[in-house]
Amino acid sequence: MFQTLKLPSPLKPLRQLAYNLKWSWTPSTQALFSHIDQDLWQTSRNNPVTVLLNASPKRLEELAQDTAFCQQVAREHESLQNYLQTQEGGLEGEAGQALEKNLAVLRERGPVAYFSAEFGLHESLPIYAGGLGVLAGDHTKSASDLNIPFVGIGLMYRSGYFEQTLDTEGQQHAEFPQRNFQEMCIQPVLNEKDQPLILDIPLPGRSLFFGIWKAQVGRSTLYLLDTQLDSNTDLDQALTSQLYGGDTSTRICQEMLLGVGGVRALQALHIEPSVYHLNEGHAAFVGVERARQMISAEPSLSFKDAITAITRSQVFTTHTPVPAGHDRFTVETIQEYMKVLFSEEQHKYFPDLIDMGLEYKDHMNSMFCMTVLALHTARACNGVSKIHGEVSRKMWQHLWPSKAVEEVPIGHITNGVHAATWTSQSFHDLFTQHIDRHWDRQLGNPEIWAKARKIPTEELWKARQTCKQELIDFARYRIQLQRKKRNEPADALAEVEGFLNPDALTIGFARRFAPYKRATLILSDPERLAAILNHPEKPVQILFAGKAHPHNREGQALLQKIYQYSRMPEFSGKIIWLENYDMAVGRHLVKGVDVWLNNPTPPQEASGTSGQKVGLNGGLNCSILDGWWDEGYTKESNGWAIGEGQLFDQKDQQNQHDANSLYTLLETKITPLFYDRDEQGIPQGWLNYSRSAMESLIAPFNTHRMVCDYLNDIYLG
Ligand SMILES: *Cc1c(COP(=O)(O)O)cnc(C)c1O
């Protein structure tokens, strides 16, 4: 049932290279696969497994005779082997010594099991929707680099999140292509008889069967559960079809699978975690299943003691203050699902169980909230930035009525990004030469980043220009594809060649189109915007990308508005819409833009991470003082603060204030600085901001630092 790869002998190591997602942050390995077949590489979304399975035997034979290529294969393979085998912790200096100590303790205790409904590792494994997933992916990669014993548990969605196209009116259409798992960077988990391992969980009226796929992410392993099995009904097979699709019933089944099924999968694999990390509330049934097993075992624990016991090894990260981010079910629904999970004799515990998830204890009709359940079954809880920690303590204070708001047990660990994934080749080279030969092994060391001050002007400017040109080429290529798909006329295709000016100040805005992110804020005053974009000496251009959830009409209307602006004569070629935002689009944007724009309604942005990716590539942030940027921003030095942190009760007032602030920044600070050139045409002042951004932002805002914080403060806590 599983396609075998037949490779000529010298190319055999390509198999292991392809099936370990380490390639996704190793450009030299990616180069091997794109060299095999450039077209296949592109059309497969840079998927090495697809390339190997579909490359012509003739081409492979030819490469098997190519000594230089074979030597490169051997080198990449050896380098992967070394990476996998080393016992060291992946950091140098003092941070490295602290890490080694912590690792020794964790290895004694057992691995971290990290549960997440989405993982964003690479565009060829589309099981993520946005920031939450990309954060989980970056966490997994850093855990691997740092050598933390780590397994991830998620779901293997057949269609993933949707694929976006826009019609000529700018109306969003969602497509759900079925992926061929045989061509993806995953392999089935087999039992002793070499047959796929199949497990099950009880759901009302039936058993839900599931198989497990394994994705190797460097040294970390991801286990992805899949219900598409003949033994399930069609409806149950579809449970792992879409991420965030279906209705409430789909959602609770998915969460039963992730939580209850996830715990059973770990047991079947003989993995005994010392920490269960719930990334968002989706997996909160983990605690219920673990407690159930303890009260069912001999000798058995009481329900309360079982909850106390499992809480000792559970930790929880909450990711958003926005209500839609917290799953709620009616008490009846929960009872219906718990009835089949617990034996009849154990139903007497239901009042206690329900109590743990009730959002408002005294309300007759209170819903059961997965976040509340997670908060009540974790020994440590955290938000994802300093402000988000405060906002979360306020938001959930009512669960601890006897505590003052500062005592609510939710702390914070600010999010970061995986540097090797998000740094362009040009900046990687600059860092290697001017910061440290092993800069990525000292990411959190402010001393090495102080050297960013000394990066020579010409080199820095050249690297910025290269990144921007790569983005422009990519954008033109993608827009032409989009237009071809819509059968647009030849002149509409030809026109794209003139889109985007490599010398113009380039702004990027890309994210999920949730209304609180205020994607259209910059369109509030079209005339003022047109004057900024079409300035005769100081032109500005903006690239937009993002998906609105198919049920979210408001988000789709915002997106449509931007698309329609992009087709108006005064904005054509200046406001650019890039379809189907994914990690590939994201990567190009964060590497190539001069300014990253982020203007959600404060204080609703939990952290935001895209701006951190921009910082790794010498780009600058112009953002609301919320989430990570409130911690990263220094005035007149490394970027700009929209609205200066002022909060208004009235939404309209907030929007007006922030829009005005944004325009004023663009008119009086950002464009003047970008276009203030010396005699060589280089913007010295701008590059000083860029150096300052690298100096101040890279060390604190990366996932190596973040995962070390989790290890130190939470996993070993
Ligand atoms: C980094 C990233 C995000 C996170 O976006 P923020 O709005 O900064 O939180 C979302 N989607 C993709 C594809 C990303 O690469």
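Residues numbered from 1 in each chain as written. Predicted model: local features only at pLDDT ≥ 70, side-chain atom pairs only at ≥ 80, totals over all residues. Heavy atoms only, no water.

**Student:** Can you break down the pattern of salt bridges residue by residue, with the values?
**Tutor:** Counted according to the given criterion, the structure contains 27 salt bridges. Notably, a salt bridge pairs Arg-464 with Asp-594, separated by 3.6 Å at the nearest N-O pair. With a gap of 130 residues between them, Arg-464 in helix α20 (residues 457-485) and Asp-594 in the loop between α24 (583-592) and β18 (595-598) connect regions that are remote in the sequence. In this structure, Arg-464 and Asp-594 share a single accessibility class: buried. Between Arg-518 and Asp-658 there is a salt bridge, and its shortest N-O distance comes to 2.6 Å. Here Arg-518 is found in the loop between β15 (505-510) and α22 (526-533), whereas its partner Asp-658 is found in helix α27 (residues 651-674), with 140 residues between them in sequence. Judged by its relative accessible area of 6%, Arg-518 is buried. Put simply, Arg-45, Glu-163, Arg-179 and Asp-582 are held in one network by salt bridges that share partners. (Salt bridge = Lys/Arg side-chain N within 4 Å of Asp/Glu carboxyl O. Helix = DSSP H or I, 4+ residues; strand = E, 2+ residues; numbered from the N terminus. Buried < 20%, exposed > 50% of the residue type's maximum accessible area, 1.4 Å probe, protein only.)

**Student:** Let's hear about the environment of Asp-436: which residues, and what values?
**Tutor:** For Asp-436, the location among the structural elements is in the loop between α18 (425-434) and α19 (446-449). A relative accessible area of 19% means that Asp-436 is categorised as buried. Sequence separation between Asp-436 and Lys-304 is 132 residues, and the spatial gap between their C-alpha atoms is 53 Å. Apart from residues no more than four positions distant in its own chain, Asp-436 is found in contact with Phe-431, Gln-442 and Ile-448. (Contact = heavy atoms within 4.5 Å.)

**Student:** Mind laying out the pairing of strand β13 (residues 380-383), listing which residues take part and the relevant values?
**Tutor:** Residues of β13 alternate between two faces, with Ala-380 and Asn-382 on one and Cys-381 and Gly-383 on the opposite face, all of them buried. Where strand β10 (residues 314-317) meets β13, three bridges bridge the pair, whose relative direction is parallel. Opposite Thr-317, over in β13, you have Asn-382 as the bridge partner. Inspection of the sheet shows β13 paired to strand β14 (residues 411-412) by two bridges, in the parallel sense. (Pairing = 2+ DSSP bridges.)

**Student:** Quick one: what's the story with the site of the ligand, residue by residue and with numbers?
**Tutor:** Close to the ligand lie 13 residues, the nearest being Trp-422, Tyr-581, Thr-609, Ser-610 and Lys-613. Within the backbone of Thr-609, one N or O atom sits 3.0 Å away from an oxygen atom of the ligand. Within the side chain of Lys-613, a nitrogen or oxygen atom sits 2.7 Å from an oxygen atom of the ligand. Summarising the interface, the protein chains cover 94% of the accessible area of the ligand, which totals 390 Å² for the free molecule. (Near = heavy atom within 4 Å. Polar contact = N/O pair within 3.5 Å; in protein donor to acceptor, adjacent residues only side chain to side chain. Areas by Shrake-Rupley, 256 points an atom, 1.4 Å probe, with all protein chains shown as cover.)

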